[in-house]
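# Descriptive structure summary
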Amino acid sequence: MKMNKLDKSVLKLWYIQAAMGALALVGVAVASLVILLVTEAPSSVMLAVFLGVGIPVSLLLCLTLIMPALRHKMYSWGYDDKRIIVKQGVIFRQRVVIPVCQIQDLHRTQGPIMMMLGLSGVTISTAGSNFDISTLTTNEADCLIDALEQNLEARVEELKNEEI
């Protein structure tokens, strides 16, 4: 089975999502410092808040710059007639194998930013759980869903023929 890597446009999406989260963190840090300045808090309190908020925010901002690239590098996926395999994770590696015969529903989703970048997410539902194949190009997502749908139809026909 050939394992596929994610398209480069997925990396853009993840950086945009990370930047939005980073802006929220910076907003909280700036708001807390502005409140301290307006209330004319003692310098020792300002230093404590700066260290307590500023250092973690700085570390999180560094992570937002690094993590999308690492996630992109570590993510791969593939499928054949019998199974779908997804490998992902930076700190905690995960390998998910979904038997095609257990698939009940297939969903393709897009948000506004994903639409602008030509990306889609695929959710695979089985009896036990749902699993998302992170973000594929819309063409890849459609091809995956079409191939799995054809495979499922063939399996249903096989089961019908066995009953007869």
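Overview of the structure. Because the structure is a prediction, the values reported are computed rather than measured.

### Side note on the overall build of the chain
What the chain contains, in helices and strands, is four helices and seven strands. Relative to the globule expectation of 15 Å for 164 residues, the C-alpha radius of gyration of the chain, 22 Å, shows a markedly less compact shape. Here the chain holds 164 residues, and the buried ones make up 31% of them. In the chain, of all internal contacts separated by at least 6 residues, the share reaching a separation of at least 24 is 50%. Carbon and sulfur atoms make up 63% of the accessible area of the chain, which amounts to about 10400 Å² in all. Both charge centroids of the chain, one from 14 positive and one from 15 negative side chains, sit 12 Å from each other.

### Side note on the packing of aromatic side chains
Given two aromatic rings, one states the distance between the centres and the angle between the planes to describe the pair. Within the structure shown, the criterion is met by two aromatic pairs. Residues tryptophan 14 and tyrosine 75 carry aromatic rings whose centres are separated by 6.5 Å and whose planes lie at 65 degrees to one another, so their mutual orientation is edge-to-face. Of this pair, tryptophan 14 sits in helix α1 (residues 8-38) while tyrosine 75 sits in the loop between α2 (43-74) and β2 (76-79); the two residues are 61 residues apart in sequence, bridging distant segments of the chain. Of the two residues, tryptophan 14 and tyrosine 75, both sit in the buried class. Centroid distance tryptophan 77 to tyrosine 79: 6.2 Å. Interplanar angle 5 degrees. Geometry classified as stacked. The exposure class of tryptophan 77 is buried, given its relative accessible area of 3%. The side chain of arginine 71 reaches across the aromatic face of tryptophan 14, ending 3.8 Å from its centre.

### Looking at the nonpolar core
Counting residues in hydrophobic clusters, the biggest one holds 23 residues, and the most contacted among them are Trp77, Ile84, Val122, Ile133 and Leu136. At the level of elements, α1, β3 (83-88), β4 (94-99), β6 (119-126), β7 (130-137) and α4 (138-163) are the ones that each hand at least two residues to this core. At four residues, the largest contribution of residues to this core is made by α4. Those residues within four positions of isoleucine 84 in sequence are excluded, and the remaining contacts are Gly78, Tyr79, Val96, Val97, Ile98, Val100, Ile103, Ile124, Ile133 and Leu148.

### Focus: the sheet that holds β6
If you trace the three strands from one edge of the open sheet to the other, you get β5-β6-β7, paired in antiparallel fashion. Sheet topology places β5 (103-109) and β7 at the edges, where each strand pairs with a single neighbour. The sheet shows a mean angle of 20 degrees between the axes of neighbouring strands, direction not considered. Taken together, the six bridges between β6 and β7 define a ladder with antiparallel strand orientation. If you follow serine 120 over to β7, its bridge partner there is leucine 136.

Conventions and cut-offs
- Residues numbered from 1 in each chain as written.
- Predicted model: local features only at pLDDT ≥ 70, side-chain atom pairs only at ≥ 80, totals over all residues.
- Heavy atoms only, no water.
- Helix = DSSP H or I, 4+ residues; strand = E, 2+ residues; numbered from the N terminus.
- Rg over C-alpha atoms; globule rule 2.2 N^0.38 Å.
- Buried < 20%, exposed > 50% of the residue type's maximum accessible area, 1.4 Å probe, protein only.
- Contact = heavy atoms within 4.5 Å.
- Areas by Shrake-Rupley, 256 points an atom, 1.4 Å probe, with all protein chains shown as cover.
- Lys, Arg positive; Asp, Glu negative; His and termini not counted.
- Charge placed at Lys NZ, Arg CZ, Asp CG, Glu CD.
- Phe/Tyr/Trp six-rings, centres within 6.5 Å; stacked < 30°, edge-to-face > 60°.
- Lys NZ or Arg CZ within 6 Å of the ring centre and 35° of its normal.
- Core = buried A, V, L, I, M, F, W, Y, C linked by side-chain atoms within 4.5 Å.
- Pairing = 2+ DSSP bridges.
- Axes fitted to C-alpha atoms, helices over the stretch in contact; angles between N-to-C directions.

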